[in-house]
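Here is how the chains run, residue by residue.
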Amino acid sequence: MRTPTRRQVVSFAAASLAASALPGCAGPGRPDPDDPTRSLVFGYIDMSGAPTPVDWVSLRCYTCADPRSHYQISIKDGLILHPAIQPGSYQIDVFGGSNSLGIFSGAEHRYNFGTTQRNDSALRIDRPGAYFLGAWRYVAQSGRAFSMQPLTTQSEKDLLARVVASMRDDQDLRRYGRGLVLAQQRLAQLR
Amino acid sequence: MLITPEVTSLSQIDDRSVLAVGRIEFVPALQAREQHLEMTSLGGSLDPLDQRKYLAGRIALLLGDRPVPAEPKASDAFTADIMNPQLEQTFFLHVPKRKPYVVHGAIIMQMTVTTHPTNPARTHELRIPVPIALGLQVDDRAVYLGTWRFHRDEFYSVRKVEILDHQRGAADEARRRFGAEVPMRKSLARVIPAGTA
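Definitions and limits used
Residues numbered from 1 in each chain as written. Chains lettered and ligands numbered in written order. Predicted model: local features only at pLDDT ≥ 70, side-chain atom pairs only at ≥ 80, totals over all residues. Helix = DSSP H or I, 4+ residues; strand = E, 2+ residues; numbered from the N terminus. Rg over C-alpha atoms; globule rule 2.2 N^0.38 Å. Buried ≥ 20, exposed ≤ 12 C-beta atoms within 10 Å, placed from the backbone. Contact = placed C-beta atoms within 7 Å. Pairing = 2+ DSSP bridges. Axes fitted to C-alpha atoms, helices over the stretch in contact; angles between N-to-C directions. Parallel < 35°, antiparallel > 145°, perpendicular 65-115°, else oblique. Left-handed = near helix turned anticlockwise from the far one by under 90°. Nonpolar A, V, L, I, M, F, W, Y, C, P; charged D, E, K, R; others polar. Core = buried A, V, L, I, M, F, W, Y, C linked by C-beta atoms within 7 Å. Expected span 1.5 Å × (residues − 1). Arc of directions from axis to C-beta. pLDDT = per-residue confidence, 0-100.

### Here's the deal with the overall build of chain B
A tally of helices and strands in chain B yields one helix and 13 strands. N-terminal to C-terminal, the α/β element order of chain B is β-β-β-β-β-β-β-β-β-β-β-α-β-β. The C-alpha radius of gyration of chain B comes to 17 Å, within 12% of the 16 Å expected for a compact globule of 197 residues. Projected onto its principal axes, the C-alpha positions of chain B cover 50 × 35 × 30 Å. Scored against the burial criterion, the 197 residues of chain B give a buried share of 31%.

Right, dumping it as C-alpha cells:
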C-alpha cells in the first residue's frame with residue numbers, strides 16, 4: 001500500500017459573513033448539459049477527522065489554455081460530483097471548508113491536496129465517460145500536517161450508485177441527463 | 001539569499017568557488033503561456049520589485065552541503081545559495097565549492113499573492129528529483145555538469161531524467177563567451193536515488 005503523502009493545511013482564517021452556499025461549480029466554460037464531449041467526474045472525501053467539513057474541491061485543469069483554469073466543485077456529504085467536465089487532464093489541487101453556523105461563517109480552512117506533482121486524484125479525460133477521482137480519508141498528523149489515506153470502504157461502485165441516486169433526486173442535477181446516462185453505463189460495467 | 005551570479009569573467013572565480021557549466025532542459029519544453037506569475041496581490045503584470053525575471057523561464061536550484069533533500073525555509077533568506085539558470089540555454093554560474101549538492105529544485109508554474117498573513121503566496125510548482133550531486137572537488141576551477149534533461153507529464157511531474165554529455169558544444173560556447181579556451185573538468189551531475197544518500 002502506498003505511503004500517504006504528508007500534506008499541509010494551507011490556510012486557516014476567520015471569515016466574515018458568508019454568502020449563501022450555492023450548489024454547482026465554476027470552471028473552464030459554463031457546463032452545457034447536452035454537450036456530448038463532456039464527462040461526469042466523482043469522488044469522495046471523509047473529513048470526519050478534520051477541523052472542518054469540506055465544502056468544495058478545486059479540480060485543476062492542466063491542459064487548458066489558461067493555466068489557472070479549474071472547476072470549483074461543491075461537496076455534499078463527502079461526495080464530489082460534477083456532471084459535465086470538459087476533456088483534459090485534471091487533478092484536485094486544493095480543497096476547503098468552514099465551520100459555518102447558519103448565516104455566520106466560522107474559520108475557513110484550505111487544504112493542499114497536491115500542487116507540486118501528479119497526485120492520487122490525477123485523471124486524463126480523453127473520451128466521454130464517468131471518471132472516478134478516488135476516495136480518501138483525512139488523517140491528522142503533527143501540527144498542521146495531514147495525509148489523505150485511500151479509503152477502501154467507499155468503492156467506485158458504491159459511490160456511483162450514490163451518484164445515480166443524487167442525479168435523480170437533486171433538482172439542479174436532474175437536467176444533466178447525459179451525465180446520468182454516463183454514470184449508469186459505468187455502473188453497469190462494474191456489476 | 002544569494003542568487004549565484006552569471007560568470008562573465010574568469011576573474012570572478014576564486015579558490016572557494018567554481019565555474020559551473022551546464023544546461024537544463026524539459027521535454028516538452030516549458031512554454032511561456034504555461035507560467036502564470038502574479039507578483040503582487042493586485043495581480044496583472046505589476047512587478048514593483050522586479051522579481052519576475054528570476055521566475056519566468058527559469059528554475060531555482062537550492063544548494064546544500066549534504067545530499068539531503070530540503071524545503072526552502074524563511075531562514076534561508078540570508079544564507080541560501082541558489083542557482084537560477086535560464087532553461088534551454090547553457091549556463092555559466094559561480095557556485096560555492098562548499099555546497100556541492102542541489103537539495104531542492106523547482107519551476108514556479110503559477111503564483112498568486114494574497115493578503116493572507118501566514119500564507120501570502122500560493123504556488124504550483126514543477127519540482128525536479130533531488131538530491132543531485134555536482135561532484136565538485138577542492139582543486140576545481142571549472143566543471144562541466146552536463147545537460148540535465150527532465151521528461152515531464154502535464155501534472156508537473158518529472159517521469160524520467162537524462163544526464164547527457166554535450167561538453168564539446170559547451171566548450172565552444174565558453175570559448176566564445178570568455179574569449180579563450182576554458183579547461184573544464186567533466187563532472188556529470190548525478191541524481192541520488194531516494195534512500196541511498
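### Regarding the overall build of chain A
When helices and strands are tallied, chain A shows two helices and 11 strands. Traced from its N-terminal end to its C-terminal end, chain A shows the element sequence β-β-β-β-β-β-β-β-β-β-β-α-α. Here chain A holds 191 residues, and the buried ones make up 39% of them. Considering only contacts within chain A whose residues lie at least 6 apart along the sequence, 70% involve residues at least 24 apart.

### Side note on the pairing of strand β11 (residues 158-164) of chain B
All names here are of chain B. Pairing geometry for strand β10 (residues 142-152) and β11, over six bridges, is antiparallel. Within the sheet, the bridge partner assigned to His151 lies in β11 and is Lys160. Between β10 and β11, which pair antiparallel and follow one another directly, the connecting turn spans five residues, one of which, Tyr156, has a positive phi of 60°.

### Some words on the packing of helix α1 (residues 156-169) of chain A against helix α2 (residues 177-190) of chain A
Residues and elements named next belong to chain A. In the contact formed by α1 and α2, the axes pass within 9 Å of each other and the chain directions differ by 150°. The orientation of α1 relative to α2 falls into the category roughly antiparallel. Pair α1 / α2 crosses with left-handed handedness. Only Gly179, Leu180, Ala183, Gln184, Arg186, Leu187 and Leu190 of α2 make contact with α1, whose side of the interface consists of Glu156, Lys157, Leu160, Ala161, Val163, Val164 and Met167.

### Observations regarding the interface of chain B and chain A
In this assembly, 16 residues from chain B lie in contact with 15 residues from chain A. Elements with a contribution of two residues or more to the side of chain B that touches chain A: β7 (101-113) and β8 (121-127) of chain B. When residues in the side of chain B that touches chain A are grouped by element, the largest group, four residues, is from β8 of chain B. Partitioning the side of chain B that touches chain A into residue classes produces three nonpolar, eight polar and five charged.

### Describing the nonpolar core
Counting residues in hydrophobic clusters, the biggest one holds 84 residues, and the most contacted among them are Phe42 and Ile80 of chain A together with Val21, Val102 and Val143 of chain B. The contact partners of Val143 of chain B, leaving out residues within four places of it in the chain, are Val18, Ala20, Val21, Leu136, Met184, Arg185 and Ser187 of chain B.

### A short note on α1 of chain A
Residues lying three or four places apart along an α-helix face the same way, a consequence of the helix completing one turn every 3.6 residues. All names here are of chain A. Compared with an ideal rise of 1.5 Å per residue, which puts 14 residues at 20 Å, α1 spans 20 Å between its outermost C-alpha atoms and is within 8% of the ideal. Buried within α1 we find Glu156, Leu159, Leu160, Val163 and Met167. End-on, the buried residues of α1 take up no more than an arc of 100°, which puts them together on one face. In α1, the exposed positions angled more than 90 degrees off the buried face are occupied by Ala165, Arg168 and Asp169. If you follow the buried residues of α1, they end up packed against β3 (39-46), β6 (79-85), β10 (130-140) and α2.

### Structural notes on the pairing of strand β5 (residues 70-76) of chain A
Successive side chains on a regular strand alternate, one facing one side of the sheet and the next facing the other. Residue and element names in this part refer to chain A. Pairing of strand β4 (residues 56-61) with β5 involves five bridges; the strand directions are antiparallel. By the bridge assignment, Ser58 is partnered in β5 with Gln72. Note: β5 against β6, two bridges, orientation antiparallel. Bridge pairing in β6 places Ile75 opposite Ile80. As consecutive antiparallel partners, β5 and β6 are separated by two residues, and within that stretch Asp77 has a phi angle of approximately 50°, a positive value.

### Here's the deal with helix α1 (residues 167-178) of chain B
Taking 1.5 Å per residue as the helical rise, α1 of chain B with its 12 residues ought to reach 16 Å, and the 16 Å between its terminal C-alpha atoms agrees with that figure. In the segment just after α1 of chain B, Gly179 of chain B is the residue with positive phi, at about 75°.

### Some thoughts on the environment of Trp56 of chain A
Along the chain, the position of Trp56 of chain A falls in strand β4. For Trp56 of chain A, the residues in contact, after removing those within four places along its chain, are Gln72, Ile73, Ser74, Ile75, Phe95 and Gly96 of chain A.

### Let's talk about the confidence of the model for chain A
Residues and elements named next belong to chain A. Mean pLDDT over chain A works out to 82, with 80% of the residues at or above the 70 mark. The secondary-structure element of chain A with the lowest mean pLDDT is strand β2 (residues 25-26), recorded at 42, while strand β9 (residues 123-125) shows the highest, at 97. Low confidence marks residues 11-26, where pLDDT is under 50. Its contacts with residues over four positions away, or in another chain, come to 31 contacts.

### Side note on unusual backbone geometry
Residue and element names in this part refer to chain B. Following Val27, the chain continues to Pro28 via a peptide bond in cis, the omega torsion being -5°. Along the chain, the position of Pro28 falls in the loop between β2 (17-27) and β3 (36-37). Each neighbour pair has its own omega, and for Val130 with Pro131 the value is 5°, a cis peptide bond. Inspection of the secondary structure puts Pro131 in the loop between β8 and β9 (132-133). The backbone of Glu88 sits at a positive phi, close to 65°, despite the residue not being glycine. In this fold, Glu88 is placed in the loop between β5 (81-83) and β6 (90-96).

### Looking at the environment of Ile92 of chain A
Residues and elements named next belong to chain A. As for its placement among the helices and strands, Ile92 is situated in strand β7 (residues 88-98). A residue is classified by how many C-beta atoms lie within 10 Å of it, and Ile92, with 27 of them, is buried. When sequence neighbours within four positions are dropped, the list of residues in contact with Ile92 reads Val57, Ser58, Leu59, Phe113, Ser121 and Leu133.

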